[in-house]
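Descriptive structure summary
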Amino acid sequence: MAFDLVCLGNPLLDLQVNVEKAYLDKYGLKENDAILAEEKHMPIFDEALARPDVRLIAGGAAQNTARGAQYILPANSVLYFGSVGKDKYADKLIEANKSVGLTTAYMVQDDVATGKCAALINGTNRSLVTDLGAANHFKPSHLEKPENWEHVKKAKVFYVGGFHLTVSPEAIELLGKHAAEENKPFVLNFSAPFIPQFFKDPLARVLPYVDYVICNESEAAAFAEANGLDASDLVSVAKWIAKSAKLNAKRPRTVVFTQGTDPTLVVVHENGDFAVKEYPVHALEASKVTDTNGAGDAFAAGFVAGLVQGKDLATSVDMGHWLAKLSIQEIGPSFPFPKQTY
Ligand code: 26A
């Protein structure tokens, strides 16, 4: 079997609940953010599970993107790597992945529970608090197993969640190196502001392998601040990323900044020149937004599916906007059935 798209990330089960702003304040959480849980946040998970409205939904940012891409692409197009425990949470993830036909090659931990993310929904904002659990134990050796490396060798496109920089930058480098050597597109999502902020060095280490950077406006601003750039001038920030060191000279670097309902900014750096473009999102009445958990992952999914299908940049961005619009009408990072087609 050959999978066109190989993804790597942290498989998590989302415990999604609606909360008031006061609840976020109590734990010092921002309305729209994604963080690693500290000791003081741990009660949040049991409190979420005890709520009558709690929903257990498959999450993990790159896994959401893998599911979304498989939603669009022909059967058996996408393979996802990550690490889970042996528990009913992992069973839930497997079930959700099956529903769209996503294939997983999980590393399984015998004595660590599957990771979980409290997705605290407050209106159209979402605050994500993650206990990585088994996801934190992913090792590059899992990719190097002969049966897995065969899949890597056959893949045409790679997608990695920046969140995985907290787990195994070595595993990301392993895939990046292969992609650069074989001239295959390598896509990295910055994932959350804390990645460029607190994982600046591992991010700088993997960036040279990256052909496509995807992030949202707050992650772009965090990147700017971490690198001494003017965060109010996102075009310049995108240009700076686009022209930073790159190993595979056969592909330009493309930087994609989503900006919520504002147009998506795309900067391509090729032969010393920049192409700067903006693409409007697909409008949706505010009353039709169920929640925005996973909106960015869905955008990335549509975009990457476009790359896999060999679509041009404008079409790939539009496919991202299309899938994000579908996903924000569902609960959590999910997609509608019966399947819609682009
Ligand atoms: C390392 N961290 C913090 C994380 C995550 C994460 N996925 C991987 N690593 N924190 C939140 N998420 C996922 O992001 C999705 C929304 O974009 C959540 O599981 C949620 O499904």
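Residues numbered from 1 in each chain as written. Predicted model: local features only at pLDDT ≥ 70, side-chain atom pairs only at ≥ 80, totals over all residues. Heavy atoms only, no water.

What to know about the layout of surface pockets
Keep this limit in mind: As defined here, a cavity is a set of points on a 1 Å grid over the protein atoms alone where a 1.4 Å probe fits but cannot get out. A pocket is an open set with protein on both sides within 12 Å along at least five of seven lines, and residues line them when an atom is within 4 Å of a point. Grid points are joined across faces, edges and corners, and a volume is the space filled by probe spheres set on the points. Strands are runs of DSSP state E lasting at least 2 residues, helices are runs of H or I lasting at least 4, and numbering of each runs from the N terminus. Gly counts as polar in this scheme, as do all residues outside two lists: the nonpolar Ala, Val, Leu, Ile, Met, Phe, Trp, Tyr, Cys and Pro, and the charged Asp, Glu, Lys and Arg.
Approximately 280 Å³ is the volume found for the second largest pocket. Surrounding the second largest pocket, 15 residues form its lining, Lys 30, Asp 33, Ile 35, Phe 194 and Phe 198 being those nearest its centre. Where the lining of the second largest pocket is concerned, the elements lending two or more residues are β3 (33–36) and α8 (194–198). Its residues assigned to classes, the lining of the second largest pocket comprises seven nonpolar, four polar and four charged.

Notes on the site of the ligand
For clarity, the cut-off: Proximity is defined per residue: any heavy atom of the residue falling within 4 Å of a molecule or strand makes that residue near it. Polar contact criterion, stated in full: a pair of N or O atoms within 3.5 Å, where within protein one must be able to donate a hydrogen and the other to accept it, and residues adjacent in sequence count only if both atoms are side-chain atoms. Computed by Shrake-Rupley with a 1.4 Å probe, the accessible areas treat only the displayed protein chains as cover when residues are assessed.
Every one of the 19 residues lining the ligand counts as a neighbour, but Asp 14, Gly 60, Asn 64, Thr 130 and Asp 297 are closest to it. At 2.8 Å from an oxygen atom of the ligand is found a main-chain nitrogen or oxygen belonging to Gly 60. Within the side chain of Asn 64, one N or O atom sits 2.9 Å away from an oxygen atom of the ligand. The protein chains hide 97% of the 470 Å² of surface that the ligand would expose on its own. Class assignment for the residues of the shell around the ligand results in nine nonpolar, eight polar and two charged.

A closer look at the sheet that holds strand β9 (residues 157–161)
The line we're drawing: For two strands to be treated as a pair, DSSP must find no fewer than two bridges joining them. Whenever a helix is involved, its axis is fitted only over the stretch in contact; in every case the axis is a line through C-alpha atoms, and angles between N-to-C directions fall within 0 to 180 degrees. Any two residues having at least one pair of non-hydrogen atoms within 4.5 Å are treated as being in contact.
Spatially, nine strands are ordered β6-β5-β1-β9-β10-β11-β12-β13-β14 in an open sheet, and the strand pairing comes out mixed. Single-partner strands in this sheet number two, and they are β6 (103–108) and β14 (273–279). Neighbour to neighbour, the strand axes of the sheet diverge by 15° on average, direction disregarded. In this sheet, β6 lies alongside strand β5 (residues 78–84) in parallel orientation, the contact comprising six bridges. Its bridge partner lying in β6, Leu 79 is registered against Thr 103. Packed on one face of the sheet, helix α4 (residues 88–100) meets β5 and β6 and runs near 165° to β6. Running over the sheet, helix α10 (residues 217–226) touches β10 (186–189), β11 (212–216) and β12 (253–259) and is turned about 105° from β11.

A closer look at the environment of Leu 128
With respect to the helices and strands, the residue Leu 128 is situated in strand β8 (residues 125–131). In this structure, the C-alpha to C-alpha distance between Leu 128 and Asn 10, residues 118 residues apart in sequence, is 14 Å. With sequence-adjacent residues up to four places away left out, Leu 128 is seen in contact with Asp 33, Ala 34, Ile 35, Cys 117, Ala 118, Ala 119 and Asn 293.

Some thoughts on the packing of helix α12 (residues 295–308) against helix α13 (residues 313–327)
Applied cut-off: Left-handed is the label given to a crossing in which the near helix is rotated counterclockwise from the far helix by less than a right angle, and right-handed is the label when the rotation is clockwise.
α13 packs onto α12 with a crossing angle of 145° between their chain directions and a minimal axis gap of 7 Å. The crossing of α12 and α13 is right-handed. Each of Ala 295, Ala 298, Phe 299, Ala 301, Gly 302, Phe 303, Ala 305, Gly 306 and Leu 307 in α12 lies in contact with α13, whose residues at this interface are Leu 313, Ser 316, Val 317, Met 319, Gly 320, His 321, Leu 323, Ala 324 and Ser 327. Of the residues that constitute the contact of α12 with α13, the class distribution is twelve nonpolar, six polar and no charged.

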